[in-house]
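# Close look at the chain arrangement
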Amino acid sequence: RQSFDMVDSMTADNPTQQEACVELKSLLEKRVYILQRVIDIKNQTKKIDNTEFRRGAEHMSALSRTVNMMKLREQLLLAKRAESLNTFSGYTLWLIVAGGIISLILTMLFYIKINSEFGEKLKLHNNLLAKDSEISARIDIIKDIADKIAQGNYEIRINDAQQDALGTLAAALNKMAASLQTSF
């Protein structure tokens, strides 16, 4: 009974084998019935008829054929599944290699992009530092001129013709110095 249950559970995914299990169970039950009958006849009459042995042998042959057919089906199914597995196994290596190549290409592309952006940011940073130095120098010049005007030197002028806020401030400072010069 345990062996039959094990075969039944192992072939649960195969409807053809499940049908064969039902047939196998029926044949087993008939064989057990014949064996019990032979035992009962032996106990009652002490004489056994050969027809009962032949019937038992026929059922055993049918059981053997069913088991062999199930075994053959399982071997064919196993071969088919093994072939399918081997096919997919062959693809696996190429998929892994392709994935590796794609990841390398993406890594290189991102490296190139990041490196390019880093270069641009470095250039912008350097430009900002240069602009900061230039503005600081211009502010220092304007501060020095304002200090000299505050000390009474009204003839001094700033040569800053740039069209930005510091250029406007320099022009206003020049105008103030000129106005002070004419007033004093």
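Up top is the structure these notes are about.
Each residue is numbered by its place in its chain's sequence as written, counting from 1. Two thresholds apply to this predicted model, a pLDDT of at least 70 for residue-level local features and 80 or more for giving and counting side-chain atom pairs, whereas whole-chain, interface and lining totals are computed over all residues. The side-chain quantities take in all heavy atoms of the structure and omit both hydrogens and water.

## Regarding the pattern of salt bridges
Which entries qualify depends on this criterion: By definition here, a salt bridge exists when the distance from a side-chain nitrogen of Lys or Arg to a carboxyl oxygen of Asp or Glu is within 4 Å. The numbering of helices and of strands both runs from the N terminus, where a helix is a DSSP run of H or I of at least 4 residues and a strand a run of E of at least 2. Each residue is placed in one exposure class: buried if its accessible area under a 1.4 Å probe, protein chains only, is under 20% of its type's maximum, exposed if it is over 50%, and partly exposed if it falls in between.
Counted by the stated rule, this structure contains three salt bridges. Here Arg 81 and Asp 13 are joined by a salt bridge, their closest N and O atoms 2.8 Å apart. With Arg 81 in helix α3 (residues 50-150) and Asp 13 in the loop between α1 (2-10) and α2 (15-45), this pair connects stretches of sequence that are 68 residues apart. For Asp 13, a relative accessible area of 52% gives the class exposed.

## Some details on a nonpolar patch on the surface
What counts, and what does not: Here the term patch refers to residues with relative accessible area over 30% and no salt bridge, with like charges joined within 9 Å and nonpolar side chains (Val, Leu, Ile, Met, Phe, Trp, Tyr) within 5 Å. Methods summary: accessible areas were calculated by the Shrake-Rupley approach with a probe of 1.4 Å, and residue burial reflects only the protein chains presented.
A cluster of nonpolar side chains, Leu 93, Trp 94, Val 97, Ile 101, Ile 102, Leu 104, Ile 105, Leu 106, Met 108, Leu 109, Phe 110 and Ile 114, forms an exposed patch at the surface whose accessible area comes to about 1300 Å². Tracing the chain through its elements places Ile 105 in helix α3.

## Concerning the packing of α2 against α3
Worth spelling out the cut-off: Angular values range over 0 to 180 degrees, each being the angle between N-to-C directions of two axes fitted as lines to C-alpha atoms, with helices fitted over their stretch in contact. Note on terminology: angles under 35 degrees are roughly parallel, angles over 145 are roughly antiparallel, angles of 65 to 115 are roughly perpendicular, and the others are oblique. Note on convention: the crossing is left-handed when the near helix lies turned anticlockwise from the far helix by less than a right angle, right-handed when the turn is clockwise. Put simply, Ala, Val, Leu, Ile, Met, Phe, Trp, Tyr, Cys and Pro go in the nonpolar bin, Asp, Glu, Lys and Arg in the charged bin, and everything else, Gly too, in the polar bin.
Running from amino to carboxyl end, α2 crosses α3 at an angle of 160 degrees, the nearest separation of the two axes being 9 Å. Here α2 lies roughly antiparallel to α3, going by the angle between them. The way α2 lies across α3 gives a crossing that is left-handed. Per-class residue counts for the contact of α2 with α3 are 14 nonpolar, five polar and eight charged.

## So, the nonpolar core
The following threshold applies: Side-chain atoms within 4.5 Å are what join buried Ala, Val, Leu, Ile, Met, Phe, Trp, Tyr and Cys residues into a set we call a nonpolar core. The contact rule is simple, with two residues in contact once any of their heavy atoms fall within 4.5 Å.
Within the largest apolar cluster, nine residues are counted, these being Ile 142, Ile 145, Ile 149, Ile 156, Ile 158, Leu 166, Ala 170, Leu 173 and Ala 177. Put simply, the parts of the chain that give this core at least two residues each are α3 and α4 (165-183). For this core, the element with the most residues is α4, which contributes four residues. If near-sequence neighbours (up to four positions away) are discounted, Ala 170 is found in contact with Ile 142, Ile 158 and Asp 160. In terms of nonpolar packing, the next biggest core, distinct from the first, is built from seven residues, Ala 20, Cys 21, Leu 24 and Ala 62 among them.

## Brief notes about the layout of surface pockets
Which parts of space are left empty comes out when a probe the size of a water molecule is rolled across the atoms. Formally: Any residue with an atom within 4 Å of a point lines the site, the site being either a cavity, points on a 1 Å grid over the protein atoms alone where a 1.4 Å probe fits but cannot get out, or a pocket, an open set with protein on both sides within 12 Å along at least 5 of 7 lines. Grid points are joined across faces, edges and corners, and a volume is the space filled by probe spheres set on the points.
When its volume is computed, the largest pocket comes out at roughly 320 Å³. Along the wall of the largest pocket there are 14 residues; nearest its centre are Val 7, Leu 24, Val 67, Met 70 and Lys 71. Elements with a minimum of two residues in the lining of the largest pocket: α1, α2 and α3. When its residues are assigned to classes, the lining of the largest pocket shows nine nonpolar, three polar and two charged.

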